[in-house]
Amino acid sequence: MNDGHPPPRTPGDDAEREAFERLGRLHGPGELRAAVLGLLLTPGSQRERRAWQDETRGLSSARDLRETLRQLSPASRQPWLERLLRRIARNPLADRQSLVEAVRRVMGADGLVRPIDRLQWLALRQLLGEAAPTGAPPSTRNDMQDLSLHTLREVGRVTAFLSRLVPTGDAADGQGWYLAVMSPWISAHELPPCVPPDADGLVNALAEVQAVPWMLRPTIVRAWLERALDQSPGHRLADDAADALRLAGLLLGCPLPPELARHYIEPPVDD
């Protein structure tokens, strides 16, 4: 039955299909590490690229692997990053900790940490088993109005952070999106201004939102997504906005909404 949405996306050309096949065969710790670091590089950052070269020195396949990653479209990079991290999560703790430190060095090589880097860093730690969403006790509450004002304001702080990327990365658009998301839940005189928190503030706010009853977390993700689609040209998400919402949903332990899933080209499921 046609629901009016495009079908799931597939690799766009032969080069991307070949990249999928090669990445599907990656299991050695050195290549997995190099691929993850490569997928986290800031486009155009020469310092980060040199840091990646330092981290992969001695890996004979590093150059070919870098070329493989270049063949991935924006719609497949984040799904592959998550898939490779889940493979690495099966490795010994020492290997996982070594990767975390390598990521820290590469991300910090140019002295700049982008908002998307913050989200990827938190997701990486969660996928590698270093952190996990707080397990909220079962609850029959299924209305956002049941949450305390404090918790709703913490939802607002996470939303304000995401507004740096959603829906377009423009500050005015981000403020409009923040108001559209939060206004149904908090009255105007209680709604804090759209001020993105710093790194520590994001972690603290996220911990509060991760403790929201599990039935309500998808409500938050759907509101983020629906208001973003409303305010995106042609109702199509920009790549950075889609990645930000995908990562936020992952951090809250929520399944990917169908409208967001259609943005991506997913790798084949590992055996």
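In the block above lies the structure referred to throughout.
Predicted model only: the values in this text are computed from it and were never measured.

Asks: Sorry, what's going on with the packing of helix 9 (residues 171–182) against helix 11 (residues 217–230) here?
Replies: The angle between the axes and the distance between the axes are what describe a pair of packed helices. Where helix 9 meets helix 11, the axes come as close as 9 Å, and the angle between the chain directions of the two elements is 130 degrees. Relative to helix 11, the element helix 9 lies oblique. The hand of the helix 9/helix 11 crossing is right-handed. The residues of helix 11 that touch helix 9, namely those facing W177, A180 and V181, are A223, W224, R227 and A228. Here the residues of the contact of helix 9 with helix 11 sort into six nonpolar, no polar and one charged.

Asks: Hey, could you run me through the environment of L32 in this one?
Replies: Checked against the element boundaries, L32 lands in helix 2 (residues 29–39). A relative accessible area of 2% means that L32 is categorised as buried. L32 has contacts with L26, H27, L84, R87 and I88, leaving out every residue within four places of it along the chain.

Asks: I'm lost on helix 5 (residues 74–88) in this one. Help?
Replies: An ideal rise of 1.5 Å per residue puts 21 Å on 15 residues; helix 5 measures up with 22 Å between its terminal C-alpha atoms. Those residues of helix 5 that sit buried are A75, S76, Q78, P79, W80, L81, E82, R83, L84, L85, R87 and I88. Structurally, helix 5 contributes buried residues whose contacts are with helix 1 (14–24), helix 2, helix 6 (93–107), helix 7 (115–127) and helix 12 (239–251).

Asks: Even after reading the chapter, I still don't get the pattern of salt bridges, so can you show me in this structure?
Replies: Think of it this way: side chains of opposite charge can pair up when their charged atoms draw near. If you walk through the whole model with that rule in mind, you get 14 salt bridges. Between D14 and R17 there is a salt bridge; the shortest N-O distance is 2.5 Å. Placement of both D14 and R17 in helix 1 is noted, with a separation of three residues, approximately one turn of the helix. The salt bridge involving R70 is made with E67; its shortest N-O contact spans 3.0 Å. With R70 and E67 both in helix 4 (residues 62–70), this residue pair falls three residues apart, about one helical turn. With a relative accessible area of 37%, E67 lands in the partly exposed category. If you follow the salt bridges from partner to partner, you end up with E82, R86, R246 and E266 in one network.

Asks: Can you walk me through helix 2 in this structure?
Replies: Owing to its 3.6 residues per turn, the α-helix brings residues three or four apart onto one side. Counting buried positions along helix 2 gives eight out of eleven residues, so the element sits mostly inside the fold. The set of residues buried in helix 2 consists of L32, R33, A34, A35, V36, L37, G38 and L39. Looking at the buried positions of helix 2, the neighbouring elements they touch are helix 3 (46–55), helix 4, helix 5, helix 6 and helix 7.

Asks: Whenever I open this one, the packing of aromatic side chains confuses me. Can you help?
Replies: Two descriptors summarise a pair of aromatic rings, namely the distance from one centre to the other and the angle between the planes of the rings. Counted according to the given criterion, the structure contains one aromatic pair. Each ring, one from F20 and one from W80, has its centre 5.4 Å from the other, and the planes form 90 degrees; the classification is edge-to-face. With F20 in helix 1 and W80 in helix 5, this pair connects stretches of sequence that are 60 residues apart. We classify W80 as buried; its relative accessible area is 1%. Against the face of W52 rests R66, its NZ or CZ located 5.8 Å from the ring centre.

What counts as what
Residues numbered from 1 in each chain as written. Predicted model: local features only at pLDDT ≥ 70, side-chain atom pairs only at ≥ 80, totals over all residues. Heavy atoms only, no water. Axes fitted to C-alpha atoms, helices over the stretch in contact; angles between N-to-C directions. Helix = DSSP H or I, 4+ residues; strand = E, 2+ residues; numbered from the N terminus. Parallel < 35°, antiparallel > 145°, perpendicular 65-115°, else oblique. Left-handed = near helix turned anticlockwise from the far one by under 90°. Contact = heavy atoms within 4.5 Å. Nonpolar A, V, L, I, M, F, W, Y, C, P; charged D, E, K, R; others polar. Buried < 20%, exposed > 50% of the residue type's maximum accessible area, 1.4 Å probe, protein only. Expected span 1.5 Å × (residues − 1). Salt bridge = Lys/Arg side-chain N within 4 Å of Asp/Glu carboxyl O. Phe/Tyr/Trp six-rings, centres within 6.5 Å; stacked < 30°, edge-to-face > 60°. Lys NZ or Arg CZ within 6 Å of the ring centre and 35° of its normal.

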